[in-house]
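Residue-level listing of the chains:
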Amino acid sequence: MIGLVLVTHSARLAEGILELVNQMVQGGTPLAAAGGTDLPEAPIGTDPTKVVAAIEQLLCQDEVTEVLVLMDLGSALMSAETALDLLPDDKRQQVHLASAPLVEGALAAAVRARIGGSLAQVLAEANGALAAKHEQLASWQHSLPPLPPETQTTDPTAHAELTIIVPNRLGLHARPAARLVSLAAQYDAQVTLTHNGRTVPATSLNQVVTLGVRREDLLVVRATGTDAAAALAALEDLALDNFGDPIEVTEPLEIIAAAAVTAGGDSFAGVPASAGTASGPAYRLHLPALDLEEQPIDDPAAERQKLRSAVGTVIEQLRALRSELGQRAGAAEAGIFDAQILMIHDNDLIQSAEETIELRRIDAASAWNWTLRSMVARYRALEDDYLARRADDVADAGQRVLRLLVGLPAESPLFSPPEPAILVAAELKPSDVARLPTDQVLGIVTAEGGATGHSAILARSLGIPTVTGIGAAAAASIREGQTIALDGDNGLVWPAPDPALRDRLLARRSEWLAQRQVAQQQALAPAITLDRQTIQVAANINLPGDLAMALASGAEGVGLFRTEFLYMDRESPPSEEEQLAAYLEAARRLQGRPLIVRTLDVGGDKPLPYLRYTHEQNPFLGHRGLRYCLDHPGLFRPQLRAILRAAAQFPIRVMFPMVSTWDELLLVDALIDEICAELQTEQSPFDDDIQRGIMVETPAAVLLAPQLARLVDFFSIGTNDLTQYVMAADRGNAAVAGLVNAYQPAVLHAIRQTTQAGHAQGIPVGICGELAGDPRATALLVGLGLDELSMTATAIPAVKAQIRQLHTADATRIAETALQFSTVEEIQAYLTQTTPAQEKE
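What counts as what
- Residues numbered from 1 in each chain as written.
- Predicted model: local features only at pLDDT ≥ 70, side-chain atom pairs only at ≥ 80, totals over all residues.
- Heavy atoms only, no water.
- Helix = DSSP H or I, 4+ residues; strand = E, 2+ residues; numbered from the N terminus.
- Buried < 20%, exposed > 50% of the residue type's maximum accessible area, 1.4 Å probe, protein only.
- Contact = heavy atoms within 4.5 Å.
- Areas by Shrake-Rupley, 256 points an atom, 1.4 Å probe, with all protein chains shown as cover.
- Pairing = 2+ DSSP bridges.
- Axes fitted to C-alpha atoms, helices over the stretch in contact; angles between N-to-C directions.
- Polar contact = N/O pair within 3.5 Å; in protein donor to acceptor, adjacent residues only side chain to side chain.
- Core = buried A, V, L, I, M, F, W, Y, C linked by side-chain atoms within 4.5 Å.
- Arc of directions from axis to C-beta.
- Expected span 1.5 Å × (residues − 1).
- Salt bridge = Lys/Arg side-chain N within 4 Å of Asp/Glu carboxyl O.
- Phe/Tyr/Trp six-rings, centres within 6.5 Å; stacked < 30°, edge-to-face > 60°.
- Lys NZ or Arg CZ within 6 Å of the ring centre and 35° of its normal.
- Left-handed = near helix turned anticlockwise from the far one by under 90°.
- Nonpolar A, V, L, I, M, F, W, Y, C, P; charged D, E, K, R; others polar.
- Parallel < 35°, antiparallel > 145°, perpendicular 65-115°, else oblique.
- pLDDT = per-residue confidence, 0-100.

## So, the overall build of the chain
A count of helical and extended segments in the chain gives 34 helices and 25 strands. Looking at the chain residue by residue over its 841 residues, the buried ones come to 54%. Within the chain, contacts between residues at least 6 apart in sequence are counted, and of these 72% link residues at least 24 apart. A total of about 35800 Å² of accessible surface is found on the chain, and carbon and sulfur atoms cover 52% of it.

## Structural notes on the sheet that holds strand β21 (residues 652–656)
Pairing between the strands of a sheet comes from backbone hydrogen bonds, and it takes one of two forms, parallel or antiparallel. On the basis of which strands lie adjacent, the closed barrel formed by 8 strands has the order β18-β19-β20-β21-β22-β23-β24-β25 and parallel pairing. Averaged over all pairs of adjacent strands, the angle between strand axes in this sheet comes to 25 degrees, irrespective of strand direction. Strand direction decides the pairing type here: strand β18 (residues 536–541) and strand β19 (residues 558–562), joined by 3 bridges, are parallel. Paired with Asn-540 across the bridge in β19 is Leu-560. Strand contacts of helix α22 (residues 576–590): β19, β20 (595–598) and β21, with the helix running at about 155 degrees to β20, the strand carrying the most contacts.

## Focus on the pairing of strand β13 (residues 421–425)
Burial analysis of β13 places 5 of its 5 residues in the buried class, which makes it a mostly covered element. When β13 meets strand β14 (residues 441–446), the two strands line up parallel, connected through 5 bridges. Bridging from a neighbouring strand, Ala-425 pairs with Thr-446 of β14.

## Topic: the side chain of Ser-274
Structurally, Ser-274 can be placed in strand β11 (residues 271–274). Within the local environment of Ser-274, its side chain forms a polar contact with the backbone oxygen of Ile-464, the two atoms lying 2.8 Å apart. What Ser-274 contacts, discounting residues up to four positions off in sequence, is Ala-459, Arg-460, Ile-464, Pro-465, Thr-466, Gly-488 and Asp-489.

## Some points on unusual backbone geometry
A positive phi angle, close to 70 degrees, is found at Arg-532, a residue other than glycine. For Arg-532, the position within the fold is in the loop between α20 (499–524) and β18. On the accessibility criterion, Arg-532 (64% relative accessible area) is exposed. The backbone of Met-658 sits at a positive phi, close to 55 degrees, despite the residue not being glycine. Following the sequence through the fold, Met-658 ends up in the loop between β21 and α25 (662–681). Owing to a relative accessible area of 1%, Met-658 belongs among the buried residues under this scheme.

## Here we look at the nonpolar core
If you look at the biggest cluster of nonpolar residues, it comprises 99 residues, and the most contacted ones within it are Phe-715 and Leu-789. Excluding residues that lie within four positions of it along the chain, Leu-789 makes contacts with Ile-535, Gln-536, Val-537, Ala-538, Ile-767, Ala-772, Leu-781, Val-799 and Ile-803. Judged by nonpolar contacts, the second largest core, of 87 residues, contains Met-78, Ile-164, Ala-177 and Ala-310.

## Here we look at helix α33 (residues 824–833)
Buried within α33 we find Val-824, Ile-827, Tyr-830 and Leu-831. For α33, the angular spread of buried residues about the axis comes to 140 degrees, placing them on one side. Facing away from the buried side of α33 by more than 90 degrees, the exposed set consists of Glu-825, Thr-832 and Gln-833.

## Looking at the sheet that holds strand β3 (residues 66–71)
Ordered by their spatial adjacency, 4 strands build an open sheet running β2-β1-β3-β4, and the pairing between neighbours is parallel. Here the strands that pair on one side only, and so sit at the sheet edges, are β2 (31–35) and β4 (95–97). Each strand of the sheet is rotated relative to its neighbour by a mean of 20 degrees, with strand direction disregarded. Pairing geometry for β3 and β4, over 3 bridges, is parallel. Counterpart to Val-69 in the pairing with β4 is Leu-97. Each of β1 (2–8) and β2 is contacted by helix α1 (residues 11–25), which is oriented at about 160 degrees to β2, the strand it contacts most.

## Some remarks on α22
With 15 residues, α22 extends 21 Å from end C-alpha to end C-alpha; this agrees with the ideal 21 Å at 1.5 Å per step. Among all positions of α22, only Glu-576, Gln-579, Leu-580, Ala-582, Tyr-583, Leu-584, Ala-586, Ala-587 and Leu-590 are buried. Those residues of α22 that are buried are in contact with α21 (547–552), β19, β20, α24 (633–646) and β21. The positive-phi residue at the C-terminal boundary of α22 is Gln-591, with phi of around 50 degrees.

## Focus: the pattern of salt bridges
Counting across every chain of the model gives 24 salt bridges. Between Glu-358 and Arg-304 there is a salt bridge, and its shortest N-O distance comes to 2.0 Å. Of the two residues, Glu-358 sits in helix α13 (residues 347–360) while Arg-304 sits in helix α11 (residues 300–329), which places them 54 residues apart along the sequence. The salt bridge partner of Lys-429 is Asp-432, with a shortest N-O separation of 3.3 Å. One connected set of salt bridges, linked through shared partners, spans Glu-576, Glu-577, Arg-637, Arg-641, Arg-645, Glu-674, Glu-678 and Glu-682.

## Here we look at the packing of aromatic side chains
The tally for this structure, following the rule as stated, stands at 2 aromatic pairs. Ring plane angle 50 degrees and centroid distance 5.5 Å describe the contact between Phe-821 and Tyr-830, whose orientation is recorded as tilted. We classify Phe-821 as partly exposed; its relative accessible area is 27%. For Tyr-830, a relative accessible area of 12% puts it in the buried group. In this structure, Arg-653 packs its charged tip against the face of Phe-714, placed 5.4 Å from the ring centre.

## Observations regarding the packing of α1 against helix α5 (residues 102–114)
It is the contact of α1 with α5, at a shortest axis distance of 10 Å, that shows an interaxial angle of 35 degrees. Judged by the twist between their axes, the crossing of α1 over α5 is right-handed. Across the interface between the two elements, Ile-17, Leu-20, Val-21, Met-24 and Val-25 of α1 pack against Leu-102, Val-103, Ala-106, Leu-107, Ala-110, Val-111 and Arg-114 of α5. Of the residues assigned to the contact of α1 with α5, the class counts are 11 nonpolar, no polar and 1 charged.

## Re the packing of α22 against α24
In a pair of packed helices, the angle between the axes and the distance between the axes together describe the arrangement. Put simply, α22 and α24 touch, their axes get as near as 8 Å, and they point 40 degrees apart. Comparing the axis directions of α22 and α24 gives the class oblique. Every pair of crossing elements has a handedness; the one defined by α22 and α24 is right-handed. Counting all contacts with α22, which are made through Glu-576, Glu-577, Gln-579, Leu-580, Tyr-583 and Leu-584, the residues of α24 involved are Pro-638, Gln-639, Arg-641, Ala-642, Ile-643, Arg-645 and Ala-646. Split into classes, the residues belonging to the contact of α22 with α24 amount to 7 nonpolar, 2 polar and 4 charged.

## Concerning the environment of Ala-777
By the element assignment, Ala-777 lies in the loop between β24 (765–767) and α30 (778–783). Residue classification places Ala-777 among the buried positions, given a relative accessible area of 0%.

## Describing the environment of Leu-505
Relative to the helices and strands, Leu-505 is located in helix α20. Classification of Leu-505 by relative accessible area gives buried; the value is 4%. A C-alpha to C-alpha distance of 6.9 Å links Leu-505 and Ala-278, two positions 227 residues apart in sequence. When residues no more than four places from it in sequence are discounted, the contact partners of Leu-505 are Thr-277, Ala-485, Leu-486 and Trp-494.

## Quick notes on the confidence of the model for the chain
Mean pLDDT for the chain: 82, with 86% of residues reaching 70 or above. When mean pLDDT is taken per element in the chain, β20 scores highest with 97 and strand β9 (residues 261–262) scores lowest with 37. The low-confidence segment residues 147–157, where pLDDT is below 50, has 9 contacts with residues more than four positions distant or belonging to other chains. This model gives residues 247–265 a pLDDT under 50, and the stretch forms 42 contacts once residues within four places in sequence are excluded.

## Some words on the pairing of β3
Counting buried residues along β3, 5 of its 6 residues qualify, which places the element largely inside the surrounding structure. Where β1 meets β3, 6 bridges bridge the pair, whose relative direction is parallel. Bridging from a neighbouring strand, Leu-4 pairs with Leu-68 of β3.

Right, dumping it as structure tokens:
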């Protein structure tokens, strides 16, 4: 039989619900309650130990086989989840949490349980408990007059639903979940995610990650409100883009934590986490002890403010760390700290800590520590090992807040050995690794950890040889200053290497460093085909800080500077001087290489909170891109002035998004002429002959390409939007989402038509959509006549390598053959199976 546990903040409320339910079922359903706390000074609250006691009370009864837990909001949910973590494994399997309404759900579930329903039937009754009330009151609600316009904040008819099959190899781990949460928060809509019967708000990173969504799981996304359709369209676009993750994940999937094995008699075996070898003295990262003692308080408001201040300070520190890491290791790896920011800025986490301050009357540090430990336990309880390791990120960011609250610096001391050394530690947090001076760290050895933790990922991105998981005893046996050696390829650590072994490892390290240098040199070399045709390979960037990684990857310029990122995470648009500084910084880093600056592209899936938008049924077909900017000259003019001024010093070109008509180009040309006249009057240097181009991403631009080419200096094809518009496939509609594929024959014909039109007028044609960075498409794009390919930085080396293996005649034949096929499947199969060498034969 199914038993019910009721969890609520009030003991008296719990008693009342028990009385009501018992009246309904006449004692025929096993019931228990966990209401309130045992603290006389703070009786309103929830206590995980009381929830555990209630569950065990029911499970002791012979007739109870499973327990369903219903709860109210806030800490009741967290207490119920913490109670699950406290139960033994065998009992935990018998307990299930319900998201049903507490009172109505308890009544419906108790009745169904009394007549012998299964767990699924009882849960379904609880979840549907409000249906009868909704139906009975529907006619009365429809008779109410509508809200006046000034108070009607959402469109009550705006409901949308989308089902996603999650494509990511590692599921919705921290970084893709952070991208989802950030995107959902930009819209005036209430967005929820449902997975395996559990529904959570899409704006809470901790709740999204702890859904435990794995690859190929079904995720139901629902949205209500004014921007419901736009929100789902943007989230569908994100899902089609693999939630921003690389299509191929190269990091190993196995998780081995603290699994030390003796390899022979003179080495320890751990997890090979980052390739390379090292030999040198061992040194440890010395961390100050965190002394925490719960303190009673008299002023909860002051403690709440102290907590919010500490969280705000840590968020700023993490943003600075993200920026620094982006320059050293790339934007993808730096995204780890975007996730950490969202984790500690999560409203559920902060509100739970504040509630603990109020109810238990304890200091902010103790309340935060209690809440943080509960959240970390929720992550570690996830069945998927990879997702469970995201607990390290919650703990990392949360511990920074805790150190501030107890009066210590938020950041750990920098690793500063007297000479280059191998860092030995029990474990390393991601923020510790991100701040390591790579010229002082020969390698890393940790007692715990695996190859998929974010610390290991950062070590790989920084090129630091690393072995994790050698075990606590092995790590403790290594003395500070002792000479040790490690092999990051095979996961071996030698605590006392003999001279012969050290020589062999030194030789391997020299070879490894030489291979890295050759690979870097090859990436930096130009992309020239076998018949000596040069194809420009450039990078797409969001901010100037992305250029360090782009240039190291071999970028020969910037084919797309997405300037909308300068406008994000702000309360107002950047000034002309702020934009000028950003464009000059990017141009200086490029050292004479070309920089294409795309003007502000907002609207559609890129709203900005401080700009006013009118509600549109389909924002992707509405007021966005150049259309929006031309209608808002107060926003557009400062950007054009900054670009023109920067172009006086460096080779900068300007590019306009979402162009559909000849008249739009005439208007923007007239505006530029007007601004040039202003700058001349002000005697401010500017480029009066700046090269101007357009994004070709609408069918209108493709069809008008012969005419538009007479007004501009270059084309750049944006395949992401072009595919949606050519295929008339709304990315928010799951029924047609499969059409949004850049390999669609119609899209490829549009690319060829645009390229031919541009070349007929003597202007170069590039491509800056995702298709440009897919090595399968390289021969096809070269064969279609593209002059420049612009892509994410990490894709550049592979695409350059493909170009160097091509002969343009072979590429042309590949393109001509691909254009003869009628389906996406035929084209992709042909490109996958065909190499330039095979085509030549």
